[in-house]
Amino acid sequence: MTQTPITPASPDDIVLEDDTLTQRLDRQADAILAEGERRSFEDTTSLRQALRDDAELIRSKVVGRVETARDGIRDEPMKTTLYALGVGFIIGMLLRR
């Protein structure tokens, strides 16, 4: 009769059935880090090309954020107007001091 040794469970062995927000954010962060690591170890032809690639990446992200903001303004114009008014009021109060 042979006995197999029982080893303690490691955190990698534990699988939770529910998919919480924290777990989804962890996976997204891991994907972002992996993409950044992949991009940093790629062979680039020149420094100028690397800067162009980075500028294009930033430009595409900014365009995406602007489109998201425009859609939000179109969906709820009154809410965004009130937010802008409130932020402007707070900035005005801070600058007045």
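Residue numbering note: each chain is counted from 1, following its sequence as written. Reporting in this predicted model follows two pLDDT cut-offs: at least 70 for local features of residues, and 80 or more for side-chain atom pairs to be given and counted; totals over whole chains, interfaces and linings ignore these cut-offs and use all residues. Only hydrogens and water are removed before side-chain values are computed, so all heavy atoms of the structure are retained for them.

Before going further, it helps to spend a moment on the overall build of the protein. Secondary structure assignment for the protein yields 3 helices and 0 strands. Helix numbers and strand numbers start at the N terminus; a helix is a DSSP run of H or I with at least 4 residues, a strand a run of E with at least 2. When its helices and strands are written in sequence order, the protein yields α-α-α.

Here we take up the confidence of the model for the protein. Taken over all residues, the pLDDT of the protein has a mean of 84, while the share at 70 or more is 80%. Within the protein, no element has a lower average pLDDT than helix α1 (residues 21–40), which sits at 83, and none a higher one than helix α3 (residues 77–96), at 95. A residue's pLDDT is the confidence the predictor assigns to it, expressed on a 0 to 100 scale.

A word on the pattern of salt bridges. Note on definitions: salt bridges are taken to be side-chain nitrogens of Lys or Arg within 4 Å of carboxyl oxygens of Asp or Glu. Taken as a whole and judged by the stated rule, the model has 3 salt bridges. With its nearest N and O atoms 3.8 Å apart, the salt bridge here joins D71 to R74. Linking D71 with R74, this pair stays in helix α2 (residues 47–75), spanning 3 residues, or about one helical turn.

Residues with no salt bridge and a relative accessible area higher than 30% make up the patches, which join like charges within 9 Å and nonpolar side chains (Val, Leu, Ile, Met, Phe, Trp, Tyr) within 5 Å. The accessible surface values rely on the Shrake-Rupley method and a 1.4 Å probe; as for residues, cover is taken only from the protein chains in view. Residues F89, I90, M93 and L94 make up a contiguous nonpolar surface patch of roughly 430 Å² in combined accessible area. Tracing the chain through its elements places F89 in helix α3.

This next bit is on the environment of S40. Among the secondary structure elements, S40 is positioned in helix α1. Here the alpha-carbon distance between S40 and A50, two residues 10 residues apart in the chain, equals 9.9 Å.

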